[in-house]
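Topology and contacts: notes
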Amino acid sequence: MTWLEENQRLLASEVERVKAGQRSRDALARKAERGFNAGGVVFGYDNVAVYVERAGGEQVKSHTEYRINETEADVIRRVYRAYADGHGMRSVALAMNGDPRYAGISKRYFDGARPPSPRKGTGSWAPSSVRKILYNERYTGIVAFGKHRKTYRGGTKIRVKASAESIQRAERPDLRIVPDDLWREVKARLEAAKGIYLRDTKGKLHGRPDKARYLLTGLGSCGICGRSIMMIGGRAGTPGARRSTFYYGCAHQYSRGT
């Protein structure tokens, strides 16, 4: 096989891979358009396979449906209520992990119990998990598809956020978990918190820095549990006389509790 023939073969294979990927995405988009599961697991729902019968009695999988998991749905509503009442994402996460410092929040919103955590991860709650729940519009009965897309940047395929106009949304009122009034209340607080953050950072939404600001971040580890350490602290004191206090501590204990 000549060099030209080999390159033609490789090009044809790449074109076919692209077409196969597009066909797969189109099939998922058609399912999402009807509010079906287009992939993945979402806390608050169970994935239920739906089968159809073909000629001859053969059972063939048609699609995957969402079904509300009542135990997890109850946790979601409690998280929303706690945040709407003014408690922060970290405080809610620590309360759900049974941290004794947040026993009051745990008792008021979670009956003093440790709610089941998302099926993936460490088995405990993180502030990022709480944030993901609070921002998930699926709990209002909206199934969105296409929030991210793949593109090439510098010769490397990466995953980026899609434009708001290109996101496909299907209404599924039967899948609503969070009441509309509670959703609006939480949404208003999230927007207010974002406004305060933008004001304090002069309109900048800071991403992950290229370099760690503190020497041992990402290098040192906790002497008790072995997880990473981070810089903890902040500004304390009365207005006009605040001072910064920082120290190294266990990142897992800080965000998830003891």
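Described in the following lines is the structure provided in the data block.

1. Let's talk about the overall build of the chain
Regarding its fold elements, the chain presents seven helices and eight strands. Within the chain, buried positions represent 32% of all 258 residues. Sequence separation of 24 or more characterises 56% of the internal contacts of the chain that already satisfy a separation of 6 or more.

2. Let's talk about the packing of helix H2 (residues 70-84) against helix H3 (residues 89-96)
Contact pair H2 / H3: the axes reach a minimum separation of 10 Å and the direction vectors enclose 135°. In this view, H2 runs oblique relative to H3, as classed from their interaxial angle. Considering how the two elements wind past one another, H2 and H3 form a crossing that is right-handed. Contact residues: H2 offers Val-75, Val-79, Ala-82 and Tyr-83, while H3 offers Met-89, Val-92 and Met-96.

3. A word on the packing of aromatic side chains
For the coordinates displayed, the defined rule picks out four aromatic pairs. Look at Tyr-45 and Tyr-139: their rings are 6.1 Å apart centre to centre, the planes differ by 15°, and that puts the pair in the stacked class. Of this pair, Tyr-45 sits in strand E1 (residues 45-53) while Tyr-139 is found in the loop between helix H5 (127-135) and strand E3 (142-145), placing the two residues 94 residues apart along the sequence. With a relative accessible area of 1%, Tyr-139 lands in the buried category. Members of the aromatic cluster, connected to one another through ring pairs, are Tyr-45, Tyr-66 and Tyr-139. Sitting over the face of the ring of Tyr-83, Arg-189 holds its NZ or CZ atom 4.1 Å from the ring centroid.

4. Focus: a nonpolar patch on the surface
Taken together, the side chains of Leu-215, Leu-216, Leu-219 and Tyr-248 make up a nonpolar region of the molecular surface, amounting to roughly 440 Å² of accessible area. Of note, Leu-215 is situated in the loop between helix H6 (180-200) and strand E7 (229-236). When its relative accessible area of 69% is taken as the criterion, Leu-215 is described as exposed.

5. What about the pairing of E1?
Two strands pair when backbone bridges link them, and E1 and strand E2 (residues 59-68) are joined in this way by nine bridges, in the antiparallel orientation. By the bridge assignment for E2, Ala-49 is matched with Thr-64. Here E1 folds back onto E2 in antiparallel fashion, the turn holding five residues, of which Gly-56 has a positive phi close to 95°.

6. Quick look at unusual backbone geometry
Working note: non-glycine residues mostly have negative phi, and peptide bonds are mostly trans. Even without being glycine, Asp-111 reaches a positive phi, approximately 55°. With respect to the helices, strands and loops of the structure, Asp-111 is situated in the loop between helix H4 (103-110) and H5.

7. Structural notes on the packing of H3 against H5
With their axes 8 Å apart at the nearest point, H3 and H5 run at an angle of 115° to one another. Between H3 and H5, the interaxial angle falls into the category roughly perpendicular. Crossing of H3 over H5 shows right-handed handedness. When H3 is examined against H5, the residues Met-89, Arg-90, Val-92, Ala-93 and Met-96 are found in contact with a partner set consisting of Pro-127, Val-130, Arg-131 and Leu-134.

8. Notes on the nonpolar core
Among the nonpolar cores identified, the biggest contains 36 residues, and Val-79, Tyr-80, Leu-134 and Tyr-139 are the most heavily contacted of them. For this core, the secondary structure elements donating two or more residues are E2, H2, H3, H4, H5 and H6. Examining the composition of this core, we find that eight residues originate from one element, H2, more than from any other.

9. Quick word on H5
For H5, the set of buried residues is Pro-127, Val-130, Ile-133 and Leu-134. The buried residues of H5 occupy an angular sector of 120° when the element is viewed end-on, so they sit on one face. Exposed residues lying more than 90 degrees from the buried face of H5 are Ser-128 and Lys-132.

Analysis parameters
- Residues numbered from 1 in each chain as written.
- Predicted model: local features only at pLDDT ≥ 70, side-chain atom pairs only at ≥ 80, totals over all residues.
- Heavy atoms only, no water.
- Helix = DSSP H or I, 4+ residues; strand = E, 2+ residues; numbered from the N terminus.
- Buried < 20%, exposed > 50% of the residue type's maximum accessible area, 1.4 Å probe, protein only.
- Contact = heavy atoms within 4.5 Å.
- Axes fitted to C-alpha atoms, helices over the stretch in contact; angles between N-to-C directions.
- Parallel < 35°, antiparallel > 145°, perpendicular 65-115°, else oblique.
- Left-handed = near helix turned anticlockwise from the far one by under 90°.
- Phe/Tyr/Trp six-rings, centres within 6.5 Å; stacked < 30°, edge-to-face > 60°.
- Lys NZ or Arg CZ within 6 Å of the ring centre and 35° of its normal.
- Patch = residues over 30% accessible without salt bridge, like charges linked within 9 Å, V, L, I, M, F, W, Y side chains within 5 Å.
- Areas by Shrake-Rupley, 256 points an atom, 1.4 Å probe, with all protein chains shown as cover.
- Salt bridge = Lys/Arg side-chain N within 4 Å of Asp/Glu carboxyl O.
- Pairing = 2+ DSSP bridges.
- Core = buried A, V, L, I, M, F, W, Y, C linked by side-chain atoms within 4.5 Å.
- Arc of directions from axis to C-beta.

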